[in-house]
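For reference, the chains in residue letters:
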Amino acid sequence: MAFHSFILAPPFTGDRTYLHGADIFDGIVRHIGGAAADVRLTLTVASDCAIEVSEDEAAPRMPAESCGSVSYLDGGIRRQLRLRQRRDLPICQRIPLEEGSLIEGAVFNRDSAAIPAGDAPLMRRVTAASLHLLKTLSPGSYWSIAEIACSRIPPCRSAASVTLRRLLGGRCWKAIASAPDGIASGTILLARGQPRR
């Protein structure tokens, strides 16, 4: 089946002036469909404008505008997509969001959490829980999403558990999310960075 490029323009959430990585991931999943497998989103630059998603070979060769890539299996065929910032399409919408509302009812341990079912997409809630854990483990540090990967697309609003694993001496952490059936359903790679709005 032919792939058609598309534009992602989710609203800013909370007081951010850049697109949240989990919102980008959810937008891509909605477009490629729940039958996709082994989905991997890699983000290289925070984007404060809409993102054009196109097939790798069709992507314009403008490295300065590149902000990431996507890889996934579609009917056993590996597809590679490129993410490109569209400066001509600024984000005009904002959703006031209290991050704590995403993890209401979650039970936290030192490096893990049990997250109840909720209205927000699963990977958005997993990200919020992971950041909550990191703020406890490393107060005063700032974190950005470098990668989100799912071996299978998790049910959007299901419950989940998440466990953090320290990488590179704590410069990165991997959040491993599991659905209630115990099968690993996704990972998020978080990198220590500079504060940004």
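Residues numbered from 1 in each chain as written. Predicted model: local features only at pLDDT ≥ 70, side-chain atom pairs only at ≥ 80, totals over all residues. Heavy atoms only, no water.

### Some thoughts on the overall build of the protein chain
Counting its regular elements, the protein chain contains two helices and 13 strands. Whereas a compact globule of 197 residues would reach a radius of gyration of roughly 16 Å, the protein chain reaches 16 Å, a difference of no more than 12%. Expressed along its principal axes, the backbone C-alpha trace of the protein chain runs to roughly 45 × 35 × 35 Å. Burial statistics for the protein chain: of 197 residues in total, 47% are counted as buried. Long-range contacts, defined here as pairs at least 24 residues apart, represent 68% of the contacts in the protein chain between residues at least 6 apart. Surface accessibility of the protein chain: about 9,900 Å² in total, with carbon and sulfur atoms responsible for 54%. Counting 24 positive and 19 negative side-chain charges, the protein chain places the centres of these two groups 6 Å from one another. (Helix = DSSP H or I, 4+ residues; strand = E, 2+ residues; numbered from the N terminus. Rg over C-alpha atoms; globule rule 2.2 N^0.38 Å. Buried < 20%, exposed > 50% of the residue type's maximum accessible area, 1.4 Å probe, protein only. Contact = heavy atoms within 4.5 Å. Areas by Shrake-Rupley, 256 points an atom, 1.4 Å probe, with all protein chains shown as cover. Lys, Arg positive; Asp, Glu negative; His and termini not counted. Charge placed at Lys NZ, Arg CZ, Asp CG, Glu CD.)

### Topic: the pattern of salt bridges
By the definition in use, this model includes twelve salt bridges. Between Glu-55 and Arg-79 there is a salt bridge, and its shortest N-O distance comes to 3.0 Å. Taken as a pair, Glu-55 in strand S4 (residues 49–55) and Arg-79 in strand S6 (residues 77–90) lie far apart in primary sequence, 24 residues in all. For Arg-79, a relative accessible area of 13% corresponds to the buried category. (Salt bridge = Lys/Arg side-chain N within 4 Å of Asp/Glu carboxyl O.)

### Brief notes about the state of the cysteines
Taken as a whole and assessed by the stated rule, the structure comprises zero disulfides. In this model Cys-49 remains outside any disulfide bridge; the closest cysteine sulfur is found in Cys-67, 7.3 Å from its own. Residue Cys-49 is classed as buried on the basis of its relative accessible area of 2%. (Disulfide = S-S within 2.5 Å.)

### Focus on the nonpolar core
One finds Ile-24, Ile-28 and Leu-83 to be the most contacted residues of the largest nonpolar core, which totals 49 residues. If one sorts the elements of this core by residue count, helix H2 (residues 122–137) sits on top with eight residues. Those residues in contact with Ile-24 that sit more than four places away from it in its chain are Leu-8, Leu-19, Leu-41, Leu-43, Ile-51 and Leu-83. (Core = buried A, V, L, I, M, F, W, Y, C linked by side-chain atoms within 4.5 Å.)

### Some words on the confidence of the model for the protein chain
Close inspection of predicted coordinates is inappropriate for parts of the model with low pLDDT. Across the protein chain, the average pLDDT comes to 88, with 90% of residues at or above 70. The spread of mean pLDDT over the elements of the protein chain runs between strand S13 (residues 184–193), the lowest at 88, and strand S8 (residues 107–108), the highest at 97. (pLDDT = per-residue confidence, 0-100.)

### Focus: the side chain of Asp-23
For Asp-23, the position within the fold is in helix H1 (residues 21–32). Residue contacts for Asp-23: discarding those within four places in its chain leaves Pro-10, Pro-11, Thr-13 and Arg-124.

### Quick word on the pairing of strand S12 (residues 172–178)
Among the seven residues in S12, five count as buried, and that is most of the element. As defined by bridge partners, strand S11 (residues 160–167) adjoins S12 across seven bridges and the pair is classed as antiparallel. Residue pairing in the sheet places Leu-167 in a bridge with Cys-172 of S12. With antiparallel pairing between neighbouring strands as the criterion, S11 and S12 make up a hairpin whose turn holds four residues, including Leu-168 at a positive phi of roughly 50°. (Pairing = 2+ DSSP bridges.)

### Comments concerning the environment of Asp-26
Locating Asp-26 in the fold gives a position in helix H1. It is 8.2 Å that separates the C-alpha atoms of Asp-26 and Arg-124, two residues lying 98 residues apart in sequence. Leave out the neighbours within four places in its chain, and Asp-26 touches Pro-121, Met-123 and Arg-124.

### Examining H2
Its 16 residues place the ends of H2 22 Å apart at the C-alpha level, agreeing with the 22 Å of an ideal helix rising 1.5 Å per residue. By the criterion of burial, H2 is predominantly enclosed, with twelve of the 16 residues buried. Regarding H2, the residues found buried are Leu-122, Met-123, Arg-124, Arg-125, Val-126, Thr-127, Ala-128, Ala-129, Ser-130, Leu-131, Leu-133 and Leu-134. (Expected span 1.5 Å × (residues − 1).)

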